[in-house]
Amino acid sequence: MRVAHDGVAFQAPDGWDVVRPAADATIVIEPDRADGGFRANLVLIVGDDGDLSFRDWQNGTDVLLRHELVDFLLLDLERLDVAGHPGGRRLAHHTGREGAGLVTEQWFTQVDRTGYTLTATVDSLRYPLLAIPFDECAASLILPGEAPG
């Protein structure tokens, strides 16, 4: 399923629900689970980074994540191209509101003054099942004014 937001597009898993809670974010969430467990989700955020350099933007993100997420543990941080632009990928573990262990993976890039972040979150036990589909979603990102690859 193709999801578009503020000129950005990506392929999300078929059958997931699209939610737009704010002007700068789109959430795609998996269907209700029979066991009532945590619903995996993808969150696309597009935002003006003002005069922040890429490095300052991501350093600020690291600080924010450590303060906002309970038991935040950074597992991996790497530089890689995202949608054909220099960017990175972050993998972390944290505790959800109901005490469940969660894995969060982010892909991010900055073009001019705009930051693009795709965040995938799933309960820790199911991360191995969704890691490749999440990576495929990130690989399908198309930024404004760019043609599909």
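As a reminder, the structure under discussion sits directly above these lines.
These numbers come from a predicted model, not from an experiment.

Scoring rules and cut-offs
Residues numbered from 1 in each chain as written. Predicted model: local features only at pLDDT ≥ 70, side-chain atom pairs only at ≥ 80, totals over all residues. Heavy atoms only, no water. Buried < 20%, exposed > 50% of the residue type's maximum accessible area, 1.4 Å probe, protein only. Helix = DSSP H or I, 4+ residues; strand = E, 2+ residues; numbered from the N terminus. Pairing = 2+ DSSP bridges. Salt bridge = Lys/Arg side-chain N within 4 Å of Asp/Glu carboxyl O.

Novice: Pulling in residues and values, what's your account of the pairing of strand β9 (residues 114-123)?
Specialist: With 9 of 10 residues buried, β9 is to be regarded as a mostly interior element. Note: strand β8 (residues 101-111) against β9, 10 bridges, orientation antiparallel. Bridge assignment links Q110 to a residue of β9, and that residue is G115. Hairpin connection of β8 to β9: 2 residues between the antiparallel strands, including D112 at a positive phi of 55°.

Novice: An account of the pattern of salt bridges is needed here, citing residue identities and associated values.
Specialist: Enumeration over the complete set of coordinates arrives at 11 salt bridges. Across the pair R113 and D48 runs a salt bridge whose closest N-O atoms are separated by 3.2 Å. Here the residue R113 occupies a position in the loop between β8 and β9, and D48 occupies one in strand β5 (residues 41-48), the gap between them amounting to 65 residues. R89 is paired through a salt bridge with E105; the nearest N and O atoms lie 2.6 Å apart. Within this pair, whereas R89 is found in strand β7 (residues 85-95), its partner E105 is found in strand β8, the two being separated by 16 residues in sequence. Judged by relative accessible area, which is 10%, R89 ranks as buried. What makes E105 buried here is its relative accessible area of 3%. Here the residues in one salt-bridge network are E30, R33, D35, D123 and R126, joined through shared partners.

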